[in-house]
Amino acid sequence: MKFALMVTTKPTDPKTVTAINIANSIVAQDHELLGVFFYQEGVLNASEYLCIPNDEYQATRKWIMFTQSTTVPLHLCSTAAEKHGLIEETEQEDFEHVSPAFQVSGLGQLVELSSQADKVIKL
Amino acid sequence: MSESIALINTSGPFGSTEIKDSIDIAMIMGSYEQDVHLYFIGDGVYQLVANQHPELLKVKDVFKTFAAFEFYDIEHLYVCEESLQARGLTEIFHVEGVQVLSKSALKESIHQHKTCLRF
């Protein structure tokens, strides 16, 4: 079965842990995960500068390990990323405070994922 | 099963940004010619109440966006009758074409969609 995963929770939220567990389970059970779409506060998972104490769950690190081992793409909603201060457009230069493991995409990517997937899971 | 998408709005308009984030998806779905259906259930019914004043809270006027629904071919709006009654609300909305459905009719309607996203 083809799945798409939508993550709307911040890295410190227990639901983010659940999302990573679901993503790993989908792949482990030989289903196809077309992509993970980060929306709302979920975009904070992609922050390059977020330092969470070592004894806490390292959501960003887990997402990076996940995409590197599975090649499942991690899409970031660009509007949400701008709203949450991860992308900065100035007249001189654009800045992205986004980990390179994540791709900055638009909401159109969500349309594509939801139309191609058999099931969309939103957390 | 049809290829349609349901956006289920269950949050009030001012306590979070759920309304804006859901409407943004509705408009994108509409502009990609997806069959999008909007449901307003629980506190989500407050999103449809007429004559609200977001300017008092210094937040962006998301209600204006609803007026553009027709332009994006977003034509299917449903509100829960029981949720309106429980909150003492009348069926006066700031958008046109809202269908008032009973809980059981809503349940049946929501079941038709391939994808359901709750906000």
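Residues numbered from 1 in each chain as written. Chains lettered and ligands numbered in written order. Predicted model: local features only at pLDDT ≥ 70, side-chain atom pairs only at ≥ 80, totals over all residues.

(A) Representation of the packing of helix α4 (residues 107-116) of chain A against helix α1 (residues 18-31) of chain B. Where α4(A) meets α1(B), the closest approach of the two axes is 9 Å, and the angle between their N-to-C directions is 70 degrees. Classified by the angle their axes make, α4(A) and α1(B) are roughly perpendicular. In terms of crossing hand, the pair formed by α4(A) and α1(B) is right-handed. For the pair α4(A) and α1(B), the contacting residues are Leu107(A), Gly108(A), Leu110(A) and Val111(A) in the first and Asp24(B), Ile25(B), Ile28(B) and Met29(B) in the second. By residue class, the composition of the contact of α4(A) with α1(B) is six nonpolar, one polar and one charged. (Axes fitted to C-alpha atoms, helices over the stretch in contact; angles between N-to-C directions. Helix = DSSP H or I, 4+ residues; strand = E, 2+ residues; numbered from the N terminus. Parallel < 35°, antiparallel > 145°, perpendicular 65-115°, else oblique. Left-handed = near helix turned anticlockwise from the far one by under 90°. Contact = placed C-beta atoms within 7 Å. Nonpolar A, V, L, I, M, F, W, Y, C, P; charged D, E, K, R; others polar.)

(B) Focus on the sheet that holds strand β1 (residues 2-7) of chain A. Residues and elements named next belong to chain A. Spatially, five strands are ordered β6-β3-β2-β1-β7 in an open sheet, and the strand pairing comes out parallel. The open sheet has two edge strands with one neighbour each: β6 (102-105) and β7 (119-122). Averaged over all pairs of adjacent strands, the angle between their axes in this sheet comes to 25 degrees, without regard to strand direction. Relative to β7, β1 runs parallel, the two being bridged by four bridges. Bridge pairing in β7 links Met 6 to Lys 122. (Pairing = 2+ DSSP bridges.)

(C) How the structure looks around the interface of chain B and chain A. Counting residues at the interface gives 12 residues for chain B and 11 residues for chain A. Sorting the residues of the side of chain B that touches chain A by element identifies α1 and β5 (115-118) of chain B as the ones contributing at least two each.

(D) View of the sheet that holds β5(B). Residue and element names in this part refer to chain B. What the five strands build is an open sheet, ordered β4-β3-β2-β1-β5; its pairing is parallel. Strand pairing shows two members of the sheet lacking a second neighbour, β4 (98-101) and β5, which therefore form its edges. Across the sheet, the mean angle separating the axes of adjacent strands is 25 degrees when strand polarity is ignored. Both strand β1 (residues 5-9) and β5 contribute to a ladder of four bridges, which runs parallel. Bridging across to β5, Ile 8 finds its partner in Arg 118. Helix-sheet contacts for helix α4 (residues 103-110) involve β1, β2 (36-40), β3 (76-80), β4 and β5, and the interaxial angle to β3 is about 140 degrees.

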